[in-house]
Amino acid sequence: MSKPRIRLGLIGYGRHGQGAVFPAIREARGIDLAAVADLSPDHLVKVPGPRVSTYLDYRRMIAHERLDAVYVATPVETHAGVVLAALGAGLHVITEKPMAASVAACRRMIAAATRARRLLVVDFELRYTPGVRQIRTWIAEGRLGRLGAIHIDHFWDGHKTTGPLAERRRRFCDSSGCLDCGIHRLDLPRYFNGGGSWRDIRATGSWFGEAVRYPTHIAIQARLDTGVLVTVNASFAFTAAIPQRLPGSNYEALAILGDRGVIVLHQAPNGSGQLQLVSESLSRVVPFERHGHSSVITRMLNDFAGAVRQGRPLPPEAATGEDGLQAQLITDEANRLAVETGDTFALKARKKKPSNAQR
Ligand SMILES: NC(=O)c1ccc[n+]([C@@H]2O[C@H](COP(=O)([O-])OP(=O)(O)OC[C@H]3O[C@@H](n4cnc5c(N)ncnc54)[C@H](O)[C@@H]3O)[C@@H](O)[C@H]2O)c1
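What you are looking at is a predicted structure, and each value in this text was computed from that prediction instead of being measured.

Hey, could you go over the packing of helix 8 (residues 179-193) against helix 10 (residues 321-341) for me, with residue numbers and the actual values?
At their nearest, the axes of helix 8 and helix 10 sit 9 Å apart, and the two run at 120 degrees to each other. Between helix 8 and helix 10, the angle falls in the class oblique. When the axes of helix 8 and helix 10 are compared, the crossing they make is right-handed. In contact with L179, I183, L186, D187 and R190 of helix 8, helix 10 contributes E322, D323, Q326, A327, Q328, I330, T331, A334 and N335. The residue makeup of the contact of helix 8 with helix 10, split by class, is 6 nonpolar, 4 polar and 4 charged.

So this is what it looks like as structure tokens:
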């Protein structure tokens, strides 16, 4: 039987929860935000009332609120525990990316969702941006023929090495390096390809001298099991140590090659972009616009609410647990390989400094 509206709880009211997820839930169709849980009382006092209850303990929120679903926006290392508790209580779940801190945790989450027969959606919101959807449509229409190669660069101008977000940057770099953000781009080739599993992963990275666990700049090569060659370069190091920013905050490149056409992203110096399709059957240039987190998360929530309320199937834009797992798999393996290879840039930088004994 279809429900008129669903009751949703938000777990994690930090930067992303406050700035993107909360406003997105407020704009979504068919969703009542019943409650917010966060460990921090300072964050909870910022929850705009009056009809939203607040909890320091998300387990109490789940026990008391008669929820249908939760949205998890806590730090990655807590995702698995929170998601397993919610699924165990019979709730549908959307979790933020990265899905979890390990592939094993992703597998436990998928198994729990299957057992509970509940939805488990991962916020790979780029899938919901019109330009990205357009690329998938062209590919699905066969404009490119057989896909051969996908290349993506994403150099992010987000967190500086000093300033208010430096501590957050260090946390991200210790948990997944620049792939904490780059994981959105690692998800895209499978979305364009209509799924698939990763194989033949290779990677090398650079730390630009920062004392963090995983590289702040990484170059990855891999194949999907359909044979598509994928190359992704991701960076947090880009402009991180200099005060200037790039318009639009990113350097982005994208090129997709098939045996009957190509798609290319052209980025203008002001940060805007255009997508160009050149193929045997159609040639087009369309804008490739950026969208704020909130508007694309609202689109994902609308589909999620439709699936929970009316049992409608989720579209390919709503990333599943398997999508989250595959993204985690390539992230972990790329970071592992990069650590194994080391950083010749850092070695050279160290060699330049003679020790006191050598002077
Ligand atoms: N989709 C995107 O593009 C995007 C962008 C930014 C952040 N994120 C993701 O959102 C998540 C949160 O990131 P953030 O930047 O907001 O971090 P944050 O540290 O600013 O906020 C996390 C919040 O979770 C709370 N918290 C921690 N453990 C908790 C628990 N057990 N129960 C309840 N609350 C708990 C903290 O008190 C904090 O308020 C991360 O997974 C991050 O990767 C996604």
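Break down the state of the cysteines for me, citing the residues and quoting the values.
Within the structure shown, the criterion is met by 0 disulfides. There is no disulfide at C178, and the cysteine sulfur nearest it, in C173, is 7.5 Å away. No disulfide involves C181; its nearest neighbouring cysteine sulfur is the one of C178, lying 8.9 Å away. With a relative accessible area of 14%, C181 lands in the buried category.

Explain the site of the ligand residue by residue, including any values.
Around the ligand sit 24 residues, and of these H16, D38, H43, K97 and R168 come closest. At a separation of 2.9 Å, an oxygen atom of the ligand approaches a polar backbone atom of R15. One of the side-chain nitrogen or oxygen atoms of H293 is found 3.5 Å away from an oxygen atom of the ligand. Taken by itself the ligand offers 850 Å² of open surface, and the protein chains cover 87% of this. Contributing elements (two or more residues each) for the shell around the ligand: helix 1 (15-27), helix 4 (76-88) and helix 7 (166-175). Classifying every residue of the shell around the ligand by side-chain character gives 8 nonpolar, 8 polar and 8 charged. Two domains share the shell around the ligand, each providing at least three of its residues, namely domain 1 (6-122) and domain 2 (129-289 + 320-346).

Go over unusual backbone geometry, please, and point to the residues and values.
The peptide bond linking K97 to P98 adopts the cis configuration, its omega dihedral lying at -20 degrees. Along the chain, P98 falls in the loop between strand 5 (92-95) and helix 5 (103-116). Phi is positive for R117, close to 55 degrees, though the residue is something other than glycine. Mapping R117 onto the fold places it in the loop between helix 5 and strand 6 (120-122). With a phi angle near 55 degrees, T239 is a residue other than glycine that sits in the positive phi range.

Give a detailed account of the domain arrangement of the protein chain, specifying residues and quantitative values.
What the domain assignment lists for the protein chain is domain 1 (6-122) and domain 2 (129-289 + 320-346). Just the C-alpha atoms count here: the centres of domain 1 and domain 2 sit 27 Å apart. In this assembly, 15 residues from domain 1 lie in contact with 17 residues from domain 2. Summed over both partners, the interface of domain 1 with domain 2 buries about 1200 Å², with 65% contributed by carbon and sulfur atoms. Interface area lost by domain 1 to domain 2 is led by R15, K97 and V103, which between them contribute 39%. Across the domain 1-domain 2 interface, the total number found is 1 salt bridge. A salt bridge links D180 to K97, with the shortest nitrogen-to-oxygen separation between them at 3.1 Å. Counting every contact that joins domain 1 to domain 2 gives 2 residue pairs in polar contact (both at pLDDT 80 or more). Going through the elements one at a time, helix 5 and strand 6 are the ones with two or more residues in the side of domain 1 that touches domain 2. Taken together, the residues of the side of domain 1 that touches domain 2 sort by class into 11 nonpolar, 1 polar and 3 charged.

Parameters at a glance
- Each chain carries its own residue numbering, running from 1 in the direction its sequence is written.
- A pLDDT threshold of at least 70 governs which residues receive local features in this predicted model, and a stricter bar of 80 or more applies before side-chain atom pairs are shown or counted, although totals over entire chains, interfaces and linings include all residues.
- The basis for every side-chain value is the complete set of heavy atoms in the structure, and neither hydrogens nor water enter the calculation.
- For helices, the fitted axis covers only the stretch in contact; all axes are lines through C-alpha atoms, and the angles between them, taken along N-to-C directions, range from 0 to 180 degrees.
- Under the DSSP-based scheme used, a helix requires at least four consecutive residues in state H or I and a strand at least two consecutive residues in state E, with every element numbered from the N terminus.
- Small angles under 35 degrees read as roughly parallel and large ones over 145 as roughly antiparallel, with 65 to 115 read as roughly perpendicular and the rest as oblique.
- Should the near helix be turned anticlockwise from the far one by less than a right angle, the crossing is left-handed, and should it be turned clockwise, the crossing is right-handed.
- Working rule for contacts: check all heavy atoms of both residues, and any pair within 4.5 Å makes them a contact.
- Following the grouping adopted for this structure description, the nonpolar residues are Ala, Val, Leu, Ile, Met, Phe, Trp, Tyr, Cys and Pro, the charged ones are Asp, Glu, Lys and Arg, and the polar ones are all others, Gly among them.
- Any cysteine sulfur atom paired with another within 2.5 Å is treated as part of a disulfide.
- With a 1.4 Å probe rolled over the protein chains alone, any residue whose accessible area is under 20% of its type maximum counts as buried; one over 50% counts as exposed, and the rest are partly exposed.
- Here a residue counts as near a molecule or strand whenever at least one of its heavy atoms sits within 4 Å of it.
- Two N or O atoms count as a polar contact when they lie within 3.5 Å, although within protein this holds only if one can serve as hydrogen donor and the other as acceptor, and sequence-adjacent residues are included solely when both atoms are side-chain atoms.
- In short, Shrake-Rupley with a 1.4 Å probe defines the accessible areas, and a residue's cover is counted only from the protein chains shown.
- For the domain bounds, the source is a domain assignment made automatically or taken from a database.
- Accessible surface is computed with a 1.4 Å probe, and the buried area is the amount of it that two parts give up when combined, taken over both parts together.
- Salt bridges are identified by distance alone: a Lys or Arg side-chain nitrogen within 4 Å of an Asp or Glu carboxyl oxygen.

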